[in-house]
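# Observations on the model geometry
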Amino acid sequence: MIAVFMETRDGKIKKSSLEVLSEAKRLAGGQGTGTAAVLAGAAVADLAPGALALGAAAVYALESPALADYSSQAYALALAGFAADVKPAALLFAATALGRDLAPRVAARLGAGLASDCTKVEVKDGRLVFTRPIYAGKAFLSLALKSSPQLATLRPNVFPLGESVPPAGEVVRVAVDVPESALRGRVAEVLKEESAELDVTEAEIVVSGGRGLKGPENFALLRELAGALPRAAVGASRSAVDSGWIGHQHQVGQTGKTVSPNLYVAVGISGAIQHLAGMSSSKFIVAVNKDPEAPIFKAADYGIVGDLFEVVPKLTEEVKKVLAD
Amino acid sequence: MNILVFVKRVPDTESRIRIRHETRSVLEEGLNFVISPYDEFAVEEALRLKERLGGTVRAVSVGRDEAVTVLRKCLAMGADEAFLVKDDAPETYDGLRTARIIARAVERRFAGADLLLFGKQSVGADNAQVPAMVAELLGLPQATVVTKLEVEGPAATALREVEGGMEKVALTLPAVVTAQKGLNEPRYETLKGIMAAKKKDIPVVKLDELGLGPDDLASRVEVVGLDVPAPRQAGKVLQGDPAETARELVRLLRDEAKVI
């Protein structure tokens, strides 16, 4: 059985977790009955229908008042306890901020290896083979784990969501005992970004700017283009971030985020190797640059050689026109 | 405030990665090695905390003899001491193996630290596993991917990046904290610092001194493949009137790529 940890936000299961559950079902030969979902929190059994709709045979609700706020220690204790009792063949997480914080602790507690941030999973000879980018995507590593359960985090936005089915699985409530000693670090407050901008790792379209933008004020051009597109976020090259033009949470590349959206639009970005590493797995890449020799064009499916200050407003205009039709 | 900061020697981010297929390993020839960029933020934060609160900063690296170069950089930046935990194993990509070595070294050689600082991940393996695993093995709380850290007596508050916002994590020390870009601006070494660092002794800790058995050092990761992605093919390049090229691009994205 493949178990999947369900991360929740604002009282709902996150899409990234449902993607992982969908992939688990595929790995279990398309049988939802080969999968289980695991929720953790103060009272989370009510959230089970979201996971049952993907065909999970069971939803385990690990509950304790001490799990109301996320604490990596307490959640690791709960998840490792679940794994020891139920003995799934694999326990998977979404490679979100929380998943990447939690999964290594669970692995250490179970003495098991962990495959981080996987972009492909296959079943080979009865075990899972995980493929994951290293060097931010300059190379890909495929690995199997020699320990049990097989633990992995799967990158958001890579695995497709499965179809809903009539729910048939059972909900199992488990009361977890969390000692005070496991609560020495916990989330005290969640601060939302005021603009509530979409994160580049979660966006389906990323519009990124580089040194060619010449100054922070010109990111407005990209925000307008991103605003005209569905589920789009604004990204940036390292040089734009290091110049202080935009926050580092927007940085795409080897010391920033690795993204694989459906569409990546690189504006005024020359295409340094460490930037290309972070976005080369995008499905389609568009480059706008005035230098026809810029390396970014070698990676782009479509390119416009021209002045971005002329081209980008026209692009925004055209996108608005086409999407309004 | 006694701080341990853990650093790794990695190829710099400008490196082109090539693979030795027979051994499924990354070719090291021609690579320029540096301290992993996120570790540099961790070292800087350690030094700033020491400057404010007093105490010591000790830098530790697990790796081969060559890792001494990044430890010298830590000393040149201002760390009080540096230690090499000598591990000649090639890259295993198994975070738990490294975490066990570090956790044991902390218990046996570096006990009594208030804060264990790491980079949020090494640049290369990109695992982001070791710090949280060390925290679990030592029973310590953690805050990962931190962009702001405040220490007040036995308590600390860390701001960590999450999707679409920040989380404030309340910690009781000792704790593990991992540094994200934005935490600070690392200082440059001074010439004086570099000269002083050259004279400092970097003690070597051997794995057998730490009492680690074969099971602790066995990798749980079996590498079954390692390759570079196929290069992307250059596509259509449009030139000419901005309005016309923009119109043509949007048409291609809609009709050919079908992404908008």
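Being a predicted model, the structure only gives us computed values, none of them experimental.

## Quick word on the interface of chain B and chain A
Tallying the contact residues gives 74 residues for chain B and 78 residues for chain A. Going through the elements one at a time, helix H3 (95-108), helix H4 (130-138), strand S9 (142-152), strand S10 (155-162), strand S11 (165-172), strand S14 (221-227), strand S15 (236-239) and helix H7 (242-256) of chain B are the ones with two or more residues in the side of chain B that touches chain A. At 10 residues, H7(B) tops the list of elements feeding residues into the side of chain B that touches chain A. Here four bridges tie strand S18 (residues 302-305) of chain A to S15(B), and the two strands are oriented parallel to one another. Note that in S15(B) the partner of A:Ile304 across the bridge is B:Leu238.

## Description of the sheet that holds strand S11 (residues 150-154) of chain A
All names here are of chain A. Strand order across the open sheet formed by seven strands is S7-S11-S6-S1-S4-S5-S12, with parallel pairing between neighbours. Edge strands, defined here as strands with exactly one partner in the open sheet, are strand S7 (114-118) and strand S12 (170-175). Pairwise comparison of adjacent strand axes, ignoring direction, gives a mean angle of 20 degrees for this sheet. Here strand S1 (residues 2-5) pairs with strand S4 (residues 35-41) via four bridges, running parallel. Opposite Val 4, over in S4, you have Ala 37 as the bridge partner. Strands in contact with helix H3 (residues 72-86) are S1, S4, strand S5 (58-63), strand S6 (90-94) and S12; relative to S4, the strand with the most contacts, it is inclined by about 150 degrees. Across the sheet, helix H4 (residues 97-110) touches S6, S7 and S11, and the angle it forms with S11 is around 170 degrees.

## Remarks on H4(A)
Side chains three or four residues apart in an α-helix point the same way, a direct result of the helix having 3.6 residues per turn. Given a rise of 1.5 Å per residue, 14 residues ought to cover 20 Å, and the 21 Å separating the end C-alpha atoms of H4(A) matches this to within 8%. With 13 of 14 residues buried, H4(A) lies mostly within the body of the structure.

## A few points about the packing of helix H9 (residues 308-324) of chain A against H7(B)
It is the contact of H9(A) with H7(B), at a shortest axis distance of 8 Å, that shows an interaxial angle of 45 degrees. One way to sum up the angle between H9(A) and H7(B) is to call them oblique. H9(A) and H7(B) meet at a crossing whose hand is right-handed. Within the contact between the two elements, H9(A) uses A:Glu310, A:Val311, A:Lys314, A:Leu315, A:Glu318, A:Val319 and A:Val322 and H7(B) uses B:Pro242, B:Ala243, B:Thr245, B:Ala246, B:Arg247, B:Leu249, B:Val250 and B:Arg254. Split by residue class, the contact of H9(A) with H7(B) holds nine nonpolar, one polar and five charged.

## Some details on the pairing of strand S15 (residues 232-236) of chain A
Residues and elements named next belong to chain A. Of all five residues in S15, five are buried, a share of seventy percent or more. What you see with S15 is no split at all: Ala 232, Val 234 and Ala 236 on one side and Ala 233 and Gly 235 on the other are buried throughout. Here strand S14 (residues 205-209) runs beside S15; their pairing, made up of five bridges, is parallel. When the sheet's bridge partners are listed, Gly 209 is paired in S15 with Ala 236. At this point the chain moves from S14, through helix H5 (residues 219-228), to the parallel S15, and the crossover so formed is right-handed.

Rules used throughout
Residue numbering note: each chain is counted from 1, following its sequence as written. Note on labels: chains are lettered from A, ligands numbered from 1, in written order. It should be noted that, the model being predicted, local features are given only for residues of pLDDT at least 70 and side-chain atom pairs only at 80 or more, the latter also being counted only at that level, while totals for whole chains, interfaces and linings use all residues. C-beta atoms are placed from the backbone for every residue, and two residues are taken to be in contact when these atoms lie within 7 Å. Going along the chain from the N terminus, every DSSP run of H or I of four or more residues is numbered as a helix, and every run of E of two or more is numbered as a strand. Paired strands are those between which DSSP finds at least two bridges. Angular values range over 0 to 180 degrees, each being the angle between N-to-C directions of two axes fitted as lines to C-alpha atoms, with helices fitted over their stretch in contact. To estimate how far a helix should reach, multiply one less than its number of residues by 1.5 Å. Counting other C-beta atoms within 10 Å of its own, a residue is labelled buried from 20 upward, exposed at 12 or fewer, and partly exposed in the gap between, with every C-beta atom placed from the backbone. Note that the term roughly parallel is reserved for angles under 35 degrees, roughly antiparallel for angles over 145, roughly perpendicular for angles of 65 to 115, and oblique for everything else. By definition, turning the near helix anticlockwise from the far helix through less than a right angle yields a left-handed crossing, and turning it clockwise yields a right-handed one. Classification used: nonpolar for Ala, Val, Leu, Ile, Met, Phe, Trp, Tyr, Cys and Pro, charged for Asp, Glu, Lys and Arg, polar for all others including Gly. Here, the term right-handed applies to a crossover whose path from the first strand over the helix to the second runs clockwise when the strands point away from the viewer.

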